[in-house]
Amino acid sequence: MEVIDGTNCATITFECNGNLTCIPDTNLGFTTVVFPGWLTLTNHHGNFSNEPSPIAIAFWLEEKDFPDTSRNITFTNAVSSIELFYTSFVPISINAYDEDNNLIKSVTGPANSNDCFNTWDPLSVIASQNIIKRIKITGNACETGIDNLTVCTTARGLVAE
């Protein structure tokens, strides 16, 4: 898993993980990101194009233990913002929750792909402090992919909104 570090932020590109491989927990230093039910997909067969990072994206398949229309991403330590690029045949949403499972913020993005996954749009959720413990991405299994997940924290005393 490739992680690009920055000041109080890190970007996960999903590179170097293999095709149809479970995404491992990823330590960013300030939090560990957990991807239950997510897989990487590599672009060796023309599955998608124009992605922000060179070869791999994250997506999910239909599974009996997970709902087909959504997947969570969790954080061991709360964060203040998440940004990602998405491609999807259907509209998507990102809901951000605090440690008590209260909805903090919600954003939506329109469907942006028709017959191939080649359009990538940014979507982000920003809180004024480190309170995001989980995001839920809603789309469709095999019809929604993400790339370049950027996770940030806010230094104490600063407001980033």
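The present account deals with the structure reproduced in this document. (Residues numbered from 1 in each chain as written. Predicted model: local features only at pLDDT ≥ 70, side-chain atom pairs only at ≥ 80, totals over all residues. Heavy atoms only, no water.)

Further remarks concern the packing of aromatic side chains. Enumeration over the complete set of coordinates arrives at four aromatic pairs. Each ring, one from F14 and one from F35, has its centre 5.7 Å from the other, and the planes form 80°; the classification is edge-to-face. Highlighted residues: F14 in the loop between strand 2 (9–12) and strand 3 (21–22) and F35 in the loop between strand 5 (32–34) and strand 6 (39–42), separated in sequence by 21 residues. For the pair F14 and F35, one class covers both residues: buried. Between the aromatic rings of F89 and F117, the centroid separation amounts to 4.3 Å while the plane-to-plane angle is 15°, which identifies the pairing as stacked. Of this pair, F89 sits in the loop between strand 9 (81–88) and strand 10 (92–97) while F117 sits in the loop between strand 11 (103–109) and strand 12 (121–126), placing them 28 residues apart in sequence. (Phe/Tyr/Trp six-rings, centres within 6.5 Å; stacked < 30°, edge-to-face > 60°. Helix = DSSP H or I, 4+ residues; strand = E, 2+ residues; numbered from the N terminus. Buried < 20%, exposed > 50% of the residue type's maximum accessible area, 1.4 Å probe, protein only.)

Right, let's get into the sheet that holds strand 4 (residues 26–27). The strand order across the open sheet formed by six strands is 4-5-8-13-10-11, and the pairing between neighbours is antiparallel. Because the sheet does not close on itself, it has two edges, and the strands there are strand 4 and strand 11. As paired elements, strand 10 and strand 13 (residues 132–138) share five bridges and run antiparallel to each other. Its bridge partner lying in strand 13, S93 is registered against T138. (Pairing = 2+ DSSP bridges.)

Positive phi is not limited to glycine here, since C142 has a value of about 65°. At N148, a position not held by glycine, the phi torsion is positive, near 45°. Checked against the element boundaries, N148 lands in strand 14 (residues 144–152). Exposure remark for N148: the relative accessible area of 15% places this residue in the buried category.

Inspection of the secondary structure puts N95 in strand 10. Its relative accessible area of 15% is what places N95 among the buried residues. A distance of 2.5 Å separates polar atoms of two side chains, one belonging to N95 and the other to S106. (Polar contact = N/O pair within 3.5 Å; in protein donor to acceptor, adjacent residues only side chain to side chain.)

Right, let's get into the state of the cysteines. Within the structure shown, the criterion is met by one disulfide. Covalently, C9 is tied to C152 through a disulfide, its sulfur atoms 2.0 Å apart. Classification of the bridge connecting C9 and C152 rests on its S-S torsion, roughly 115°, and on that basis the disulfide is right-handed. With C9 in strand 2 and C152 in strand 14, this pair connects stretches of sequence that are 143 residues apart. The class for C152 is buried, based on a relative accessible area of 12%. (Disulfide = S-S within 2.5 Å.)

Spatial relationships are all this shows, so hold off on functional conclusions.
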